[in-house]
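Summary of the model geometry
Spelled out from the first residue to the last, the chains are:
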Amino acid sequence: MKPIFITGIGTGVGKTVISAIVAQALQADYWKPIQAGFKDGTDAETVRDWISNPVTTIHPEIYKFTMPASPHIAARNENIRIETGTVVSALSKLESNNRYVVIEGAGGIMVPLNESEFVIDLAEQLQAPIILVSRNYLGSINHSLLTAAICKQRNLPVLGWIFFDEFMQYENEIVEWSGYPVIWSVPFFGDITSQFIEQQAMDLEESLNEALDNYYV
């Protein structure tokens, strides 16, 4: 399977919603290898409820911690150290006949995983094209451009932006200043349903496949 890494400009920006839409659009598998906090259910369980196609497989987490905190803190609370190599090794062992697996990161791209590695290091080691998720709110231009800047600094393969919610003209400006294209924009929807995910996936499918075809030439 070819991996696609979904990360964002912070926590609560809609990565799980976008991951579900991308998985539905591609009929891809879904995997969140690191889950910190699951009192109200895991992100994998949420995506399972939203996905309506019959072929997507939801793969289990490698690390699942009780504390809803930064992964390195949640892991430390349980006397565990997150090893990025363990996650990378697990990717090759996922069993599926699907072409793609959507991998959802934890929090933003600079969230620590241990004392020396961050989500960006995991994304780099997975050698996956990256989709950046930005939610439009006051301050998101700064967060978006900082995320783009670190990706450029590390020369990571970013496919582009998927925006969630709409606020003024932030999207056009973020695209222009970051240099990364927009793949899609998902309107804010208060009660996310499988019907909403399916409709957005249908709308996204063409532009998403175009971006992936350009990458996997």
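Since the structure is predicted, the reported quantities are computational estimates derived from the model, not experimental observations.

Looking now at the environment of Y137. By the element assignment, Y137 lies in the loop between strand 7 (130–135) and helix 6 (140–153). Sequence separation of Y137 and H59 is 78 residues, and the distance between their C-alpha atoms is 32 Å.

What follows concerns the sheet that holds strand 6 (residues 100–108). Backbone-to-backbone hydrogen bonds join strands into a sheet, with any given pair of strands oriented parallel or antiparallel. Strand order in this open sheet of seven strands is 4-2-6-1-7-8-9, and the pairing throughout is parallel. Sheet topology places strand 4 (58–59) and strand 9 (182–186) at the edges, where each strand pairs with a single neighbour. Direction of pairing for strand 2 (residues 29–31) relative to strand 4: parallel, over a ladder of two bridges. Looking across to strand 4, one finds that W31 is bridged to H59. Relative to strand 9, helix 8 (residues 194–215) is tilted by about 170°, and along the sheet it contacts strand 1 (2–8), strand 6, strand 7, strand 8 (158–164) and strand 9.

With respect to the helices and strands, M202 occurs in helix 8. Sequence-wise, M202 and P54 are 148 residues apart; in three dimensions their C-alpha atoms are separated by 15 Å.

Among the nine residues of strand 6, nine are classified as buried, and the element is accordingly described as predominantly covered. Across six bridges, strand 1 lies against strand 6 in parallel orientation. Along strand 6, the bridge assignment pairs P3 with V101. Where strand 2 and strand 6 come together, three bridges link them in parallel fashion. Within the sheet, the bridge partner assigned to D29 lies in strand 6 and is V101.

Attention shifts here to the pairing of strand 7. Counting buried positions over the six residues of strand 7 gives five, a clear majority of the element. Examined bridge by bridge, strand 1 and strand 7 share four bridges and lie parallel to one another. Bridging across to strand 7, I6 finds its partner in I131. Here six bridges tie strand 7 to strand 8, and the two strands are oriented parallel to one another. Within strand 8, the residue paired with L132 across the bridge is W161.

With that out of the way, let us pick up the pattern of salt bridges. It is possible for side chains of opposite charge to pair when their charged atoms get near one another. Per the stated rule, a full pass over the model turns up six salt bridges. Among the ionic pairs, D43 bridges to K32, the shortest N-O distance being 2.5 Å. Within this pair, whereas D43 is found in helix 2 (residues 43–50), its partner K32 is found in the loop between strand 2 and strand 3 (34–36), the two being separated by eleven residues in sequence. This pair shows no difference in class: D43 is buried, exactly as K32 is. The partner of E83 in a salt bridge is R81, with the nearest N and O atoms 2.8 Å apart.

Before going further, it helps to spend a moment on unusual backbone geometry. Although it is not a glycine, Q127 sits at a positive phi angle of roughly 55°. Relative to the helices and strands, Q127 resides in the loop between helix 5 (119–126) and strand 7. Judged by relative accessible area, which is 66%, Q127 ranks as exposed. Non-glycine residue N155 carries a positive phi angle of around 55°. Here N155 shows up in the loop between helix 6 and strand 8.

So, on to the side chain of E117. Structurally, E117 is set in the loop between strand 6 and helix 5. At a separation of 3.2 Å, a polar atom in the side chain of E117 contacts the side chain of Q125. With residues near it in sequence (within four places) discarded, E117 still touches T84, P112 and Q125.

Throughout the structure, instances matching the rule amount to two aromatic pairs. Where Y63 meets F65, the ring centres are 6.0 Å apart and the plane angle is 20°; that geometry is what we call stacked. Here Y63 matches F65 in class, with each residue buried. Considering the side-chain rings of W161 and F163, the 5.8 Å spacing of their centres and the 20° angle between planes classify their relative orientation as stacked. This pair shows no difference in class: W161 is buried, exactly as F163 is. Taking NZ or CZ as reference, K64 lies 5.2 Å from the ring centre of F38, over its face.

Rules used in this analysis
As a convention, each chain's residues are numbered from 1 in the sequence order in which they are written. Per-residue local features are limited, in this predicted model, to residues with pLDDT of at least 70; the limit for side-chain atom pairs, both in listing and counting, is 80 or more; totals at the level of whole chains, interfaces and linings are taken over all residues. Hydrogens and waters are ignored; side-chain quantities use all the structure's heavy atoms. Under the scheme used here, helices are H or I runs from DSSP no shorter than 4 residues and strands are E runs no shorter than 2 residues, and both carry numbers assigned from the N terminus. By this definition, two strands are paired if DSSP reports at least two bridges between them. In what follows, a contact means two residues having at least one pair of non-hydrogen atoms within 4.5 Å. Inter-axis angles, ranging from 0 to 180 degrees, are taken between N-to-C directions of lines fitted to C-alpha atoms, where helices are fitted over the stretch in contact. Only protein chains enter the accessibility calculation, which uses a 1.4 Å probe; a residue whose area is less than 20% of its type maximum is buried, one above 50% is exposed, and one in between is partly exposed. Take a side-chain nitrogen of Lys or Arg and a carboxyl oxygen of Asp or Glu: if they are within 4 Å of each other, that pair is a salt bridge. Identification of polar contacts relies on pairs of N or O atoms within 3.5 Å, with a donor-acceptor requirement for protein atoms, meaning one able to donate a hydrogen and the other able to accept it, and with residues adjacent in sequence counted only if both atoms are side-chain atoms. Pairing of aromatic side chains here covers Phe, Tyr and the six-membered ring of Trp, requires ring centres within 6.5 Å, and sorts the geometry by plane angle: under 30 degrees stacked, over 60 edge-to-face, intermediate tilted. Working rule: Lys NZ or Arg CZ, within 6 Å of ring centre, within 35 degrees of ring normal, means a charge sits over the ring.

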